[in-house]
Amino acid sequence: MSGNGFDAISQDIANLDINDGARDPFAMWDTAPPPAPKLKSKGVIAMDITEQFGNAARQLDVGQLVKDPYFTLFESVGALEIMDRKMDSGCLEPGETMEDQYDFNQELLPEEIIGIIDQLLCHEMAWHMGHPLAQTIFTSLYIDKLLSPSPISIQQTHFDSRHSFDEPLTLRILRAYCLGLIKTCFYVNSRVKTEHFYEEEDFVTHTFNRSLLEGIEHNDIFQFLDETTKLLAESETLPLDIKRALDCRLQFRAQFLNTVELADSRTSDSLVKQWTTLGDFLPYLNSSSKLGKSVPTSFSVKIQRKLASTVPPRPIVQVSQEAAFDHLERLCRDAAVAVEVLTYYDSHSLMTFVLLFQARKPQPSVYVRTLLQHYLFADMVILGTKSIRHILDDDLAATVLPNDQLLDRDNDEIEVPNDPRHQMSVRMETFRARAAGSYLDILRTICQNRCRIRRGLCHTIADWDNLQLDSEELDVELRVFTGEKPIVDPEISTDPIYSFPLSSWAYFYKLKQMEWIVQMGFELETYQPDELAGMYWYLQYLAKTRSRHLERIRGFDMRSFAAARKNPKATADKMRAYLNAISFINFSTMEASATYGFAGALSCLFTVLGRLSLIKAPPRPYSDDTMRYEVRMKPFSCIGLPELIPFDELTKVVVQPEESTIDLLKFAAESAMGAKKGLEVLSKLSAKGAYCQGSHDSWLNNIKACLKACIFTSITIASVKKAVEAAGKDGKPKIKVEIPPSEKGYHDWWVVPKVIPVP
Amino acid sequence: MAGEAEGSKAAELPAELRYMQYEHALEKQYLPAIRALISKDLSEPYSIYVYRYFLYQWGDLCFMALHPEKPLLIGIIICKLETHQSHSPPTLRGYIAMLATSSSYRNRGIATTLVRKAIDAMIERGADEVVLETEENNIPAMKLYERLGFIRSKKLHRYYLNGSSAYRLVLHLKRTVEMTGEGVV
């Protein structure tokens, strides 16, 4: 087919009206249809079905859908329209060529090298932010030349074959930088791909069938960068400021490459230093950027046509230099902090570290988050040094089983089946096999993006409900072997009371996660204003339930402690184990009571604002309160304990119709005051006492933000009360209410309304 | 899928709009205008196959707002209704895929009327619930749905190609115990 014929077709299709029905399917061909392809495959006989196909097609209506029942919407969205320039990568403008005509032999000014390098850095950061390589780094013609065909040695990476003997220094610098850049991307991509992340949503690891220099050794590239730096130093022709800017770029790249290569190691003490050194390059890198001269012709959207991809070419992503540097600076800072997770203190501090690290704002980048996952979980060895059992036993010991025979490793050595220690060991192993996955899932889930954390918890919470039930069975079985004596107290119950340590532990974590689900809902602005009273009520209910549960655990821990103290052989180490568990229970109780005090205050405040019509519910003609409650509480509908409160009951306790508005506000004020005192006590705790060793600063900032939100709540309550008391005969207070968006408040988990006087 | 963009300058509208349920026979007359109206708000267009995927299978859940005098398409809603199996028990789930109104006719409740017509048609067919996604910054669209009774069930990180996040909005039309997953044929 001639070139002209092609243009004619494109014109024909452009004119083609979708509504023209019966029409010769080959009318667009000037001449006969192309000959059938010659297939050479055993057992396959090619035959021309053009006529049959044409006849069959004529039986169809225009727009009639032909598909099998399993063809989904998702697949239909993947359909492309040939000759639509937004969808068809082969669609050319008249006179347009398929590939770019770029002269790789042309000499570039040193300023232009700076310009290209800086543009590549913007593209690299755009990739880190979640855009595909195809729209970022791979739009560079120099990168394209470097990677295609895939080189296996440095010698094969010249931009132009004529450079093999005589490569200008400028191009040598660009080549070295590009090699370092792609190898850096290789390490980053491998790390992200290995961990749990969401393709496209978080990051695009797709390399479009291009190898990221896997064929060339790390050391070869590193050395090449180093040699290029030396060549540059010897050069006497370049202006000093240009020379310095180029040198900084080469050294920065070598450092970046080295850092991401080392970052996978979980033993290196120098990791923090690596990241801070890398960060130190940034100010000069940024300020010297003005020396650069951009070369827009060296980037092309067309390269995407050559890449293995099912999507049409999309525009080149433009990330500003400011945004790129900002991202990189944070990446260096966050990565240096992430390394600190490798110092293990205790299981509770570990979880606090991960929680607070992920709550940093903006959330650390995907690469850093996958590094954290790698440090935590790689090879199923926690932090590179601890078995999962170690962490799990630590956690059990620090909550429900301090210095308990169930965690005695010597039990594993007993092989006599009728020895209770053997039986304990077997059942504890069953428990660990069941619980370890769920426990690690919490850590894994909180490493995801903020939306996924909430969605993940909503899914895993059902698993924790089952884990609690399974553990209860084990608890009952274990009693036979531990010889646990129940508490018999007719004042509490006529039945003997057992400790149920394993299921107690599971219940504690289940409650904690239920609280997080509700709190993440505030952070992600999932609730409408008129839902806030109910959701804060639910939060205080969960926190109060946790507090009562902790009370129960404390009772049993205290009892074991008292018994142990009577034993003259008890060592100081053993005593410390009890004190540590009790101290954690006390801390968690304090934290729970601050939460329920604060949440209770806000719930009452929002109830009052609803009563005063300062927060109005939309008309909602298609919905009723019960149906919306079912949507909202869906994650909890399957939970056995605490059972979901029926909607009518919940309404009664939230709305409190029998309480006067002033009484509600008085209660809200007292509750907020109590929470404030609790938060103040918490803010004075040491890192050890607050179980946040390794992240005390972040923890303290978090508590202080809660404290500010709490004080602000008290102020709002007081203003509402004053306005209610001053209201005229119509009872309408002269105020209006604004609900600040999530990131504008003092703390994302505490939505504090703002009261504004109106005339 | 596609949402509704924010309003701009208003145009004169002399009389009541006409609302029309779509059917396959109308494809020739209206599909080009439907595509044009929806593509306006999209950075990357859907192929004609996507439109036909919905319109051929669920034409009765598609409604058009037309100019009272001229053959001019002013608003469009495109939906589907299927048994949703991914969790138990299954539900008959309506999905609002696309909603658009011409920028010069916004803030007149046209989109709300279209959504109501679609929901009514779904109810008639026995739908248990209706879901959709909307861009996190599209406040007018979110308000529209929330006024009708939808609530946000979850946030979807970087859901759209342009990198912005979305909310999943959900409207239950029945109590959970009454949901059968099967509709009226």
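About the criteria used
- Residues numbered from 1 in each chain as written.
- Chains lettered and ligands numbered in written order.
- Predicted model: local features only at pLDDT ≥ 70, side-chain atom pairs only at ≥ 80, totals over all residues.
- Heavy atoms only, no water.
- UniProt positions renumbered as here; feature names shortened; annotations may be inferred.
- Helix = DSSP H or I, 4+ residues; strand = E, 2+ residues; numbered from the N terminus.
- Buried < 20%, exposed > 50% of the residue type's maximum accessible area, 1.4 Å probe, protein only.
- Contact = heavy atoms within 4.5 Å.
- Areas by Shrake-Rupley, 256 points an atom, 1.4 Å probe, with all protein chains shown as cover.
- Lys, Arg positive; Asp, Glu negative; His and termini not counted.
- Charge placed at Lys NZ, Arg CZ, Asp CG, Glu CD.
- Pairing = 2+ DSSP bridges.
- Axes fitted to C-alpha atoms, helices over the stretch in contact; angles between N-to-C directions.
- Parallel < 35°, antiparallel > 145°, perpendicular 65-115°, else oblique.
- Left-handed = near helix turned anticlockwise from the far one by under 90°.
- Nonpolar A, V, L, I, M, F, W, Y, C, P; charged D, E, K, R; others polar.
- Buried area = accessible area lost by both parts, 1.4 Å probe.
- Salt bridge = Lys/Arg side-chain N within 4 Å of Asp/Glu carboxyl O.
- Polar contact = N/O pair within 3.5 Å; in protein donor to acceptor, adjacent residues only side chain to side chain.
- Expected span 1.5 Å × (residues − 1).
- Patch = residues over 30% accessible without salt bridge, like charges linked within 9 Å, V, L, I, M, F, W, Y side chains within 5 Å.
- pLDDT = per-residue confidence, 0-100.

In the annotation of an unreviewed UniProt entry, chain B is listed under the name Probable N-acetyltransferase and assigned to Phialocephala subalpina. The UniProt entry for chain B carries this comment under Sequence similarities (unreviewed entry): "Belongs to the acetyltransferase family. MAK3 subfamily."

Where an unreviewed UniProt entry is consulted, chain A appears under the name Probable MAK10 Glucose-repressible protein, with the organism given as Phialocephala subalpina. Taken from UniProt, the Sequence similarities (unreviewed entry) comment for chain A reads in full: "Belongs to the MAK10 family." Taken directly from UniProt, the Subcellular location (unreviewed entry) text for chain A runs: "Cytoplasm".

We now examine the overall build of chain A. A count of helical and extended segments in chain A gives 22 helices and 2 strands. By its C-alpha atoms, chain A is 100 × 70 × 65 Å across when sized along the principal axes. Here chain A, with 759 residues, has 51% of them falling under the buried criterion. Considering only contacts within chain A whose residues lie at least 6 apart along the sequence, 77% involve residues at least 24 apart. Element-wise, carbon and sulfur atoms account for 54% of the exposed surface of chain A, whose accessible area totals about 36100 Å². Between the averaged position of the 83 positive side-chain charges in chain A and that of its 102 negative side-chain charges there is a distance of 6 Å.

Moving on: the sheet that holds strand β5 (residues 129-135) of chain B. All names here are of chain B. Here we have 7 strands laid out as an open sheet, ordered β1-β2-β3-β4-β5-β7-β6, and mixed in their pairing. Edge positions in the sheet fall to β1 (18-21) and β6 (151-156), since each has one partner strand and no second. Looking at each pair of strands side by side, their axes are set apart by 25° on average, direction ignored. Bridge count between β1 and strand β2 (residues 63-66): 4 bridges; the pairing is antiparallel. Directly across from Q21, in β2, lies its bridge partner F63. Sitting on the sheet, helix α1 (residues 27-39) touches β1, β2, β3 (73-84) and β4 (91-101), and the angle it makes with β3 is about 90°.

On to the packing of helix α6 (residues 169-194) of chain A against helix α7 (residues 218-234) of chain A. All names here are of chain A. Two elements in contact, α6 and α7, have axes whose closest approach is 9 Å; the angle formed by their N-to-C orientations is 150°. With respect to α7, the element α6 is oriented roughly antiparallel. Note that α6 runs across α7; the crossing there is left-handed. Residues L169, R172, I173, R175, A176, Y177, L179, G180, K183 and Y187 of α6 form the contact with α7, whose participating residues are H218, I221, F224, L225, E227, T228, L231 and L232. Within the contact of α6 with α7, the residues separate by chemical class into 11 nonpolar, 3 polar and 4 charged.

Taken together, the contact pairs 49 residues of chain B with 49 residues of chain A. In this assembly, chain B packs against chain A so that about 4500 Å² is buried in total across both faces, 58% of it on carbon and sulfur atoms. Applying the counting rule to chain B against chain A returns 2 salt bridges. Ionic pairing is found between E81(A) and R35(B), a salt bridge with its closest N-O pair at 2.8 Å. Our count for the chain B to chain A interface comes out at 22 residue pairs in polar contact (both at pLDDT 80 or more).

This brings us to α1(B). Here α1(B) contains 13 residues, and its C-alpha end-to-end distance of 17 Å stays within 8% of the 18 Å for a straight helix at 1.5 Å per residue. Taken together, the buried residues of α1(B) touch β1, α2 (48-58), β2, β3 and β4 of chain B.

Before going further, it helps to spend a moment on a negative patch on the surface. On the surface, D408(A), D410(A), E413(A) and E415(A) cluster together into a patch of negative charge. As for its placement among the helices and strands, D410(A) is situated in the loop between α13 (388-397) and α14 (420-445).

Attention shifts here to the UniProt feature "domain: NAA35-like TPR repeats" (unreviewed entry) in chain A. The positions UniProt marks with the feature "domain: NAA35-like TPR repeats" (unreviewed entry) are residues 338-751 of chain A. When the span residues 338-751 of chain A is considered, its composition is 64% helix and 1% strand, and the gap between its end C-alpha atoms is 29 Å.

Per-residue pLDDT for chain A has a mean of 92; in total, 95% of the residues score no lower than 70. Here residues 1-23 of chain A scores under 50 on pLDDT; set against residues more than four positions off or in separate chains, the count is 23 contacts.

With that out of the way, let us pick up the side chain of E484(A). All names here are of chain A. With respect to the helices and strands, E484 occurs in the loop between α15 (450-482) and α16 (501-523). Here the side chain of E484 touches S499 through a polar contact of 2.7 Å, landing on its backbone nitrogen. Excluding its chain neighbours within four sequence positions, the residues that come into contact with E484 are R479, Y498, S499, F556 and R559.

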